[in-house]
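Residue strings, one per chain:
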Amino acid sequence: MELRALQYFVAVSEELHFGRAAQRLGIVQPAVSQQIARLERELGVRLLDRTSRRVRLTPAGERVLAAARRTLAAAARVRVVAGEPAAVLRIGVASCTTRRLDRALGRLSDGERPAEPRLVDLPVAARLDAVRDGELDLALVRGALTSTAVTVVRTWSEPLHAVLARGHPAARKPVVSLHDLDPYGLRLPARDSDPPMHDAILAALPMAPLRPPAGDMLNVLFEVGRDTEGWTLMPAEQLDVSRSERLLQMPLDPPVTVDGHVVTSLATPEPCVASYVAAFAD
């Protein structure tokens, strides 16, 4: 079994499209198809269900994908142990810390591909530009994101929670429905503060916002905290309001999720991408 076959399989699994995977790898599509077919013959299982319209992982493919990522990361570690020093890894993030970020930094420092992470706080648009221009090694972005200028890999999913004032009528419920919240009470930050997240929230709403944007997220939370009918939506991992005297974070029923992505440059080697994705995945 060749590492190249695993590399191609990971690319197809993340893109769910042979053509896009070939473009990402910088090779022709038939070469990708041949390597995947060879890998399936060697393993004796079908890894992908593919038709003219879609590609999806089989249950065996899901298991092999996780193992393939670990294998590629381990191969990268061999190169490090052989003499390459641990590289500084510049990561573009939002100005908040989460358990996922803390855990990932530990994995990157001590895991399969040792690195020295350095966090850079930038707005989303600047994060993407910095990755494209080689000023960042990777960036984390939540929401609806596609791009032909960088490599975007969906890496995790997390629930959206409603953030309410503690005096809100729904504050005593264990969960809250979007249909039970006053549309006029909804506060959202301006789209230019985080376009992918803004678009993902709008897509989840059963109604259009009735109020103009309230600036950045800090202003939104301030507005929500002083209005007993006010509310907003945020990723569950992004905000810890457990110590706030004015705000309460509540799960939604039915649940609504948002995707998180690892973004790298088009030139980033596949083993590196695999190690970054493994660090931030669930």
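In the block above lies the structure referred to throughout.
Residues numbered from 1 in each chain as written. Predicted model: local features only at pLDDT ≥ 70, side-chain atom pairs only at ≥ 80, totals over all residues. Heavy atoms only, no water.

Novice: Hey, could you run me through a nonpolar patch on the surface in this one?
Specialist: Taken together, the side chains of Met1, Leu43 and Val45 present a nonpolar region at the surface, about 260 Å² in accessible area. A relative accessible area of 34% means that Leu43 is categorised as partly exposed. (Patch = residues over 30% accessible without salt bridge, like charges linked within 9 Å, V, L, I, M, F, W, Y side chains within 5 Å. Areas by Shrake-Rupley, 256 points an atom, 1.4 Å probe, with all protein chains shown as cover. Salt bridge = Lys/Arg side-chain N within 4 Å of Asp/Glu carboxyl O. Buried < 20%, exposed > 50% of the residue type's maximum accessible area, 1.4 Å probe, protein only.)

Novice: Looking at this model, I keep getting lost on the nonpolar core. Mind explaining?
Specialist: The nonpolar side chains of a soluble globular protein tend to be buried, and buried together. Ranked by size, the top nonpolar core spans 23 residues in total, and within it Phe9, Val12, Phe18, Val32, Ile36 and Leu48 carry the most contacts. In terms of residue count, helix 1 (residues 3–15) provides more of this core than any other element does, seven residues in total. For Phe18, the residues in contact, after removing those within four places along its chain, are Val12, Gln29, Val32, Ser33, Ile36, Leu48, Arg50 and Val55. Of all hydrophobic cores here, the second largest spans 22 residues; its members include Ala171, Leu186, Trp231 and Leu252. (Core = buried A, V, L, I, M, F, W, Y, C linked by side-chain atoms within 4.5 Å. Helix = DSSP H or I, 4+ residues; strand = E, 2+ residues; numbered from the N terminus. Contact = heavy atoms within 4.5 Å.)

Novice: Help me understand the packing of helix 5 (residues 99–110) against helix 9 (residues 270–280) in this model?
Specialist: The axes of two packed helices give the description: the angle between them and the distance between them. Where helix 5 contacts helix 9, the axes come no closer than 8 Å and their chain directions differ by 135°. Taken together, helix 5 and helix 9 sit at an angle that is classed as oblique. Crossing hand, helix 5 versus helix 9: right-handed. Where helix 5 approaches helix 9, its residues Arg100, Leu101, Arg103, Ala104, Arg107 and Leu108 are matched on the opposing element by Ser275, Tyr276, Ala278, Ala279 and Phe280. Among the residues making up the contact of helix 5 with helix 9, the classes are represented as seven nonpolar, one polar and three charged. (Axes fitted to C-alpha atoms, helices over the stretch in contact; angles between N-to-C directions. Parallel < 35°, antiparallel > 145°, perpendicular 65-115°, else oblique. Left-handed = near helix turned anticlockwise from the far one by under 90°. Nonpolar A, V, L, I, M, F, W, Y, C, P; charged D, E, K, R; others polar.)

Novice: Just checking my understanding: could you explain the pattern of salt bridges for this structure?
Specialist: Opposite charge on two side chains makes pairing possible when the charged atoms of those side chains draw close. Applying the stated criterion to the full structure yields 15 salt bridges. Between Glu14 and Arg69 there is a salt bridge, with its nearest N and O atoms 3.1 Å apart. Remark: Arg69 occurs in helix 4 (residues 59–81) and Glu14 occurs in helix 1; sequence separation between them is 55 residues. This pair shows no difference in class: Glu14 is buried, exactly as Arg69 is. The closest approach of N and O atoms between Arg132 and Asp133, which form a salt bridge, is 3.0 Å.

Novice: Would you take a moment to explain the side chain of Arg127 for this structure?
Specialist: Within the secondary structure, Arg127 sits in helix 6 (residues 124–132). Buried charge without a salt bridge: Arg127, with Asp194 as the nearest opposite-charge side chain at an N-O distance of 5.3 Å. Once residues lying within four places of it in the same chain are set aside, the contact partners of Arg127 are Gly92, Val93, Ala94, Leu122, Leu136, Ala139, Leu140 and Val141. (Lys, Arg positive; Asp, Glu negative; His and termini not counted.)

Novice: Even after reading the chapter, I still don't get unusual backbone geometry, so can you show me in this structure?
Specialist: It is generally the case that most residues other than glycine have a negative phi and that most peptide bonds are trans. The peptide bond linking Asp253 to Pro254 adopts the cis configuration, its omega dihedral lying at 0°. Within the fold, Pro254 resides in the loop between strand 8 (247–251) and strand 9 (257–264). Unlike most non-glycine residues, Leu16 shows phi in positive territory, near 50°. Within the secondary structure, Leu16 is located in the loop between helix 1 and helix 2 (18–25).

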